[in-house]
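Spelled out, the chains give:
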Amino acid sequence: MIKIDLYDPKTGKNNHYEQARVSFGNFKKVLSMDTLTAENTAKRKILAKKLEKDELTDKEAQDYIRLASTTEEELEKMEDVIVSLFDSPKVNKKALEEGLGSDAISVMQKILTDAMGGITADSNHPAKK
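The present account deals with the structure reproduced in this document.

Criteria and thresholds
Residues numbered from 1 in each chain as written. Predicted model: local features only at pLDDT ≥ 70, side-chain atom pairs only at ≥ 80, totals over all residues. Heavy atoms only, no water. Helix = DSSP H or I, 4+ residues; strand = E, 2+ residues; numbered from the N terminus. Buried < 20%, exposed > 50% of the residue type's maximum accessible area, 1.4 Å probe, protein only. Contact = heavy atoms within 4.5 Å. Areas by Shrake-Rupley, 256 points an atom, 1.4 Å probe, with all protein chains shown as cover. Core = buried A, V, L, I, M, F, W, Y, C linked by side-chain atoms within 4.5 Å. Pairing = 2+ DSSP bridges. Salt bridge = Lys/Arg side-chain N within 4 Å of Asp/Glu carboxyl O. Expected span 1.5 Å × (residues − 1).

1. Comments concerning the overall build of the chain
Of the regular secondary structure elements, the chain holds 6 helices and 2 strands. Secondary structure elements of the chain occur, N-terminal to C-terminal, as β-β-α-α-α-α-α-α. Counting across all 129 residues of the chain, residues that qualify as buried make up 27%. Across the chain, the fraction of contacts at a sequence separation of at least 24, relative to all contacts at a separation of at least 6, is 61%. Summed over all atoms, the accessible surface of the chain reaches about 8600 Å², with 53% contributed by carbon and sulfur.

Below, the structure written as structure tokens:
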């Protein structure tokens, strides 16, 4: 099960949304997001090692700066995947951008982990209770 709480600035309330099942098609989107994140993490590590050795080219330095944290590309894709996971039309990109706080990245990462059946989702599974 995945869930999200989104603040609604119009009402001043948090709205809770749950999705009991993640379809295989959406699971594939989550895996694609995970692949992009893993690729960017690997690139960050490689460029960081080159930086330590003072071997970065100008282009690599620009890439390093771009990849220093979660990229805009990753955030956009993460938002798209999160929206697709929930059947509710009220869970959309605008609602995410207005309804999540400064912890948005960690909230979305937790949803993706839960969608993949990660440790958090597994430990909260009804069969385990």
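2. Remarks on the nonpolar core
If you look at the biggest cluster of nonpolar residues, it comprises 20 residues, and the most contacted ones within it are Ile4, Leu6, Ile82, Leu85, Phe86 and Leu112. Looking at this core, the elements that each hand over two or more residues are strand 1 (2-8), helix 1 (24-52), helix 3 (72-85), helix 4 (93-99) and helix 5 (104-115). No other element matches helix 5, which puts 5 residues into this core. Leaving out residues up to four positions away in the same chain, Leu85 has contacts with Ile2, Gln19, Val22, Asn26, Val30, Ile111, Leu112 and Ala115.

3. Here we look at the pairing of strand 1
In this sheet, strand 2 (residues 13-19) lies alongside strand 1 in antiparallel orientation, the contact comprising 7 bridges. Across the sheet, residue Asp5 finds its bridge partner in strand 2, namely His16. In textbook terms, the turn of a hairpin is the stretch between consecutive antiparallel strands, and for strand 1 and strand 2 this stretch comprises 4 residues, one of which, Gly12, has a positive phi near 75°.

4. Describing the side chain of Asn40
Within the element layout of this structure, Asn40 appears in helix 1. For Asn40, a relative accessible area of 3% puts it in the buried group. Those residues in contact with Asn40, other than ones at most four positions away along the chain, are Leu67, Thr71 and Glu74.

5. Focus: the pattern of salt bridges
A full pass over the atoms with the stated rule returns 7 salt bridges. Note that Glu74 and Arg44 form a salt bridge whose closest N and O atoms lie 2.9 Å from each other. Of this pair, Glu74 sits in helix 3 while Arg44 is found in helix 1, placing the two residues 30 residues apart along the sequence. Arg44 gets classed as buried once you look at its relative accessible area, which sits at 18%.

6. Considering the environment of Ile4
Tracing the backbone shows Ile4 in strand 1. Residue classification places Ile4 among the buried positions, given a relative accessible area of 3%. The spacing of Ile4 and Ile82 is 78 residues in sequence and 9.5 Å in space, taken between C-alpha atoms.

7. Thoughts on helix 1
Taking 1.5 Å as the rise per residue, helix 1 with 29 residues should run 42 Å; its terminal C-alpha atoms sit 42 Å apart, in good agreement. Here helix 1 has its buried residues at Asn26, Val30, Met33, Leu36, Asn40, Arg44 and Leu47. Packed against the buried residues of helix 1 are helix 2 (58-67), helix 3 and helix 5. The positive-phi residue at the C-terminal boundary of helix 1 is Asp54, with phi of around 60°.

8. With respect to unusual backbone geometry
For Asp54, which is not glycine, the phi dihedral falls at a positive 60°. Residue position: Asp54 is located in the loop between helix 1 and helix 2.

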